[in-house]
Amino acid sequence: MKENPLLTSLSLPFPALTRAQCRDELSAIGRKLLRNAERYGDMFPSACTTENRYALKENNDWTNGFWTGMQAIAWEFSGEAAYLDTVKRNVASFRARLDAHHVLDHHDIGFLYSLSAVAYWKLTDDSAVKSLILAAADVLIRRFHTDAGFIQAWGKLSDPEEYRLIIDSLINLPLLHVAANISGEHHYREVAERHYQNVIDNIFREDGSTFHTFYFDPASGEPAYGKTFQGFSDQSCWARGQAWAILGIPLNWSASGKIQHLERWLQACSYFFRHLPADGVPAWDLALNDIDGTPKDSSALAIAICGLLEAHKHLPDEHYDRIASQLLQTLMVQASAKDDDACDGLLKHGVYAWALGKGIDECNLWGDYFYMEALYRLYQPQWSGYWI
Ligand code: GLY
């Protein structure tokens, strides 16, 4: 194996987190989640906060699963029935959303249904939810372009302006592997594997950085060019996109049972970690790290930490754990909202979409979720999570 860039070049400002620290943070988070659940009732929190407060909304965004996933982890951590009750009510809402096909014409079906339906199945072993998992996977594979071999991220399938995949999609693929396992139908896995290969072949630049989105030629199905949507520019590297690759690649190893494209993963990590500033939390776009005052995206770091811990299941090197744990301490010191009762979120200082002026230096649901997932992964190393 090539020299591991993580082990040779990373100098981190904080010591590793202890298990007791994880426990205390998860306990405080649990209390905040209970308070929030009381306020939200059957509604869901908005994708990001405004001045650290989540607005209430119905189940109609790509982010609703994160709220359910946090409740699921809180239940596993504490055994308190209130959390499982919220998961159960949320799953009913996700079923109604699927039946009505409400705001599901996009690829983020894995973000929604892995953290709700698959999580509930794993928590309760209730086989009635399997039909929901399969129906969700069917919605996702309808977006697959058979000739070009990719799942279209957004928009109408006939729209040439939308004939592209995006890097975030890697997290949606495990749902297809779960569907293949449940049904015994190979075509779910085949779609996942062809899409995965297309992401790996096209989204990376030579230096290990990534495009956010990648277009194909609608006439020939051939790979065409990379372009950003949420990053600073087409040639820069959106921090969260890079983090989606750092988590998405090992999640796909776990889902497929094969370590595919380890070199790409190492390059992706190396690029991300080389571009961390001294305080350890990345700017929202890695091209902007040296510019003072650039808002950070704490959620990108939380996602990348989960990626290191997922990869560690496959790579027998204890340093992954240690580095993940030090990075989590970094995140806790600089962004934890546990002591701020005026803040609804768990993790401060994220950026949702800079160009749209959305959620800049605010909490967001995926930052909260992956912060909690990272804490629980370290607290309970045998935990298998909800993605696979
Ligand atoms: N998947 C959308 C985002 O990361 O903002």
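Conventions and cut-offs
Residues numbered from 1 in each chain as written. Predicted model: local features only at pLDDT ≥ 70, side-chain atom pairs only at ≥ 80, totals over all residues. Heavy atoms only, no water. Helix = DSSP H or I, 4+ residues; strand = E, 2+ residues; numbered from the N terminus. Expected span 1.5 Å × (residues − 1). Buried < 20%, exposed > 50% of the residue type's maximum accessible area, 1.4 Å probe, protein only. Polar contact = N/O pair within 3.5 Å; in protein donor to acceptor, adjacent residues only side chain to side chain. Contact = heavy atoms within 4.5 Å. Disulfide = S-S within 2.5 Å. Axes fitted to C-alpha atoms, helices over the stretch in contact; angles between N-to-C directions. Parallel < 35°, antiparallel > 145°, perpendicular 65-115°, else oblique. Left-handed = near helix turned anticlockwise from the far one by under 90°. Nonpolar A, V, L, I, M, F, W, Y, C, P; charged D, E, K, R; others polar. Pairing = 2+ DSSP bridges.

Peer 1: Describe helix H5 (residues 109-124), naming the residues involved and giving the relevant values.
Peer 2: For the α-helix, the turn length of 3.6 residues means that residues three or four positions removed from each other point alike. Its 16 residues place the ends of H5 21 Å apart at the C-alpha level, agreeing with the 22 Å of an ideal helix rising 1.5 Å per residue. By the criterion of burial, H5 is predominantly enclosed, with 13 of the 16 residues buried. Positive phi shows up at Asp125, right after H5, with a value of about 60 degrees.

Peer 1: An account of the side chain of Arg189 is needed here, citing residue identities and associated values.
Peer 2: Within the secondary structure layout, Arg189 lies in helix H8 (residues 186-202). A polar contact of 2.7 Å, which involves the side chain of Arg189, links it to the side chain of Asn181. Beyond its immediate chain neighbours, meaning those up to four positions away, Arg189 contacts Leu176, His177, Ala180, Asn181 and Ala255.

Peer 1: Before we move on, could you go through the state of the cysteines and cite the residues and values that matter?
Peer 2: The full count for this structure, using the stated rule, is zero disulfides. Free of any disulfide, Cys306 has its nearest neighbouring cysteine sulfur in Cys22, separated by 12 Å. Judged by its relative accessible area of 0%, Cys306 is buried.

Peer 1: So what's going on with the packing of helix H9 (residues 239-256) against helix H13 (residues 365-379)? Residues and values would help.
Peer 2: Look at H9 against H13: their axes get within 14 Å of each other, and the N-to-C directions meet at 40 degrees. The angle between H9 and H13 places the two elements in the oblique class. Between H9 and H13 lies a crossing of left-handed hand. Contacts from Arg240, Trp244, Leu247 and Leu251 in H9 reach Trp366, Phe370 and Arg377 in H13. Within the contact of H9 with H13, the residues separate by chemical class into five nonpolar, no polar and two charged.

Peer 1: So what's going on with the sheet that holds strand S6 (residues 213-216)? Which residues, and what values?
Peer 2: Spatially, the three strands line up as an open sheet ordered S5-S6-S7, and their pairing is antiparallel. Two strands lie at the open edges of the sheet, namely strand S5 (164-166) and strand S7 (223-227), each paired on one side alone. On average, adjacent strands in this sheet sit at an angle of 25 degrees to one another, irrespective of strand direction. Pairing of S5 with S6 involves three bridges; the strand directions are antiparallel. Across the sheet, Ile166 pairs through a bridge with Thr213, a residue of S6.

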